[in-house]
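What follows is each chain in one-letter form.
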Amino acid sequence: MCHFNHALEILNLCREHNLSLPEVVLRSEACETGRSREEIWSLLENNFKVMEESIMKGLAPDIKSVGGLIGGNAYKLKTYAQNDTLSGSRVLKAASYALAVSEVNAAMGKIVAAPTAGSSGIVPGVIISIKEEKGLEVADAINGLLVAAAVGKIIAVNATLSGAEGGCQAEVGAAAAMAAAAAVFMSGGSDEMCFEAASMALKGLLGLVCDPVAGLVEVPCSKRNALAAAMALTAADMALAGIKSFIPFDEVVEAMYRVGRQMSPDLRETARGGCAATPTALAFARRLLEQDNNL
Amino acid sequence: MIVTSVSIFDIIGPVMVGPSSSHTAGAAKIGSVARRVCKGKIVEVDFYLHGSFAQTYKGHGTAKALLGGILGMSPCDERIRDSYKIAAEQGIRFSFHQVDLGDVHPNTVKIVMRDDRGEKHELIGSSVGGGKILITNIDGMEMEFTAEYPTIINKHLDKPGTVAKVSSILARYDINIAFLKVFRQSRGSLASMVIETDNKVTPEILEEIQAIPTIKQIMFIDANGI
Ligand code: SF4
């Protein structure tokens, strides 16, 4: 009874059965996988713990990625965020946490793909910073994860979550939509507002290309995670302020898929376009290849 | 629209070692399957990397993940980062080579291993995206399996009745077959049979299958921990 593939469907289920968004997601997962609610909840708790640990590790000043392009940026931003900043401490906390996870990922540390490894900083960055800032419980964060999962699932079923197929809008864009919806839920917004925020975040990143320098998941991926976390928070605030997306979420997802299809393969993970095709990137890729050959 | 049923743990998960599900998680899985092909302890291993695996395999951690898999590490094992060192400590000799394996998936590797019994084994596998893999060749026999299920692989004489005999043994032990595929070189010669099951397969079942006269060789790849 709790099966959903579209935002419209899940919103109807919530209304008809008078259930919360995370509750519908839990029931549908139990239904489709045969797992018990307890098992699903404890798996989520486990993933949440891995997310927290990856943030802790990534905030260290001396972390270095395997390709050598990033590391230590999460620490820099977290330290700077104590000053009188432009974007405010909450936004910068989320952004620094997102950087932390993506730096751990690039250093071959343990992360939770959310929805992918390249975009793994955004959802934990937003959810865990909100939990801390608002003094919420782990259970509230898990509910946030369930809402994020619903958004991600709708995108997976109706479009794609792979940069090779849909460009970075399908990875970082999807993660921003997931995080924005979770942020609204954790702030007490309505179910509809969750999807308004997801729509606005995904529209904001529509058309984003996948252009990893030298094919590594480092540049521009890591900083994109930080910026998408900031965007997710702004989209959530816009929804909470009562701003509505003119295009409903399900249609934004379709649009994202179509844009992905129209993208040249050069802009879909092949490292042949965008940032990856700049002189600086090409020079670095050449050096890396020489290093590899000398291994 | 291709996907019909997606678990929330495909969205918030898997837990894995970075940086890339296809270049790291998938590579570790291929290594894990290769390890299971050797009956003895692996003492020497050569990796022949093709296509995008051959490019920047160092920066992606592909090499470390492949070796980590050979050492028995799962895709979320943080020791993958130190797999060179751990392999060296265990006295395992390893090397990486860039090759062109022809018309195969861009993320493909051929692994050649020797174990302490002096046996040599080969495996070809591809990382096909999202951490999923496809094994396409073991010891020169063409095949296809994902290692998501417990998998039985037979080399057998291509004679009528062999497949039926194997499936009747499995039925007797209540083993449900998820997928069964037969690959042969040419009619009447040697063929390989790949059976992916829904249940655990015990050694006694494997012994019984091996006792079928037309079965020349049997291998079992446990999906656990891959
Ligand atoms: S640029 Fe490509 S590899 Fe990097 S996060 Fe975006 S989709 Fe993933």
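Rules behind the numbers
- Residues numbered from 1 in each chain as written.
- Chains lettered and ligands numbered in written order.
- Predicted model: local features only at pLDDT ≥ 70, side-chain atom pairs only at ≥ 80, totals over all residues.
- Heavy atoms only, no water.
- Near = heavy atom within 4 Å.
- Nonpolar A, V, L, I, M, F, W, Y, C, P; charged D, E, K, R; others polar.
- Pairing = 2+ DSSP bridges.
- Helix = DSSP H or I, 4+ residues; strand = E, 2+ residues; numbered from the N terminus.
- Axes fitted to C-alpha atoms, helices over the stretch in contact; angles between N-to-C directions.
- Contact = heavy atoms within 4.5 Å.
- Domains from an automatic or database assignment.
- Buried area = accessible area lost by both parts, 1.4 Å probe.
- Salt bridge = Lys/Arg side-chain N within 4 Å of Asp/Glu carboxyl O.
- Polar contact = N/O pair within 3.5 Å; in protein donor to acceptor, adjacent residues only side chain to side chain.

Participant: Before we go on, may I ask you to explain the site of the ligand in this structure?
Facilitator: In the vicinity of the ligand, the contacting residues are G118(A), G163(A), C168(A), E171(A), C210(A), D211(A), C221(A) and R224(A). A breakdown of the residues in the shell around the ligand according to their chemical character gives three nonpolar, two polar and three charged.

Participant: Got a minute to help me understand the sheet that holds strand β10 (residues 190-197) of chain B in this structure?
Facilitator: Remark on secondary structure: sheet strands pair via backbone hydrogen bonds, oriented parallel or antiparallel. Residues and elements named next belong to chain B. Pairing is antiparallel across the open sheet formed by four strands, whose spatial order is β9-β10-β8-β11. Lying at the two open borders of the sheet, with one neighbouring strand each, are β9 (177-184) and β11 (215-221). The mean inter-strand angle of the sheet, taken between neighbouring strand axes irrespective of direction, is 15 degrees.

Participant: Honestly, the sheet that holds strand β6 (residues 132-138) of chain B in this entry has me stumped. Any pointers?
Facilitator: Residues and elements named next belong to chain B. Taken together, the six strands give an open sheet; going across it, the order is β3-β2-β4-β5-β6-β7, and neighbouring strands pair in mixed fashion. Both edges of this open sheet fall to β3 (93-98) and β7 (141-145), since each of them pairs with a single strand only. Across the sheet, the mean angle separating the axes of adjacent strands is 20 degrees when strand polarity is ignored. Here six bridges tie strand β2 (residues 42-50) to β3, and the two strands are oriented parallel to one another. Bridging from a neighbouring strand, Y48 pairs with H97 of β3. Against the sheet, helix α2 (residues 21-37) makes contact with β2, β4 (107-115), β5 (120-129), β6 and β7, and its axis sits at roughly 155 degrees relative to β5, the strand it touches most. In this fold helix α4 (residues 62-70) packs onto β2, β3 and β4, with an angle of close to 145 degrees to the strand it touches most, β2.

Participant: Can you help me understand the domain arrangement of chain B in this one?
Facilitator: Residues and elements named next belong to chain B. What the domain assignment reports for chain B is domain 1 (14-139) and domain 2 (151-221). Distance between the C-alpha centres of domain 1 and domain 2: 26 Å. Taken together, the six residues of domain 1 in the interface contact five residues of domain 2. Area buried by domain 1 at its contact with domain 2 is led by R36, I138 and D139, which between them contribute 61% of it. Summed over the shared surface of domain 1 and domain 2, the result is zero salt bridges. Along the contact surface separating domain 1 from domain 2 lie zero residue pairs in polar contact (both at pLDDT 80 or more). Top contributing element to the side of domain 1 that touches domain 2 by residue count: α2, with three residues. Of the residues contributing to the side of domain 1 that touches domain 2, the split by class is three nonpolar, no polar and three charged.

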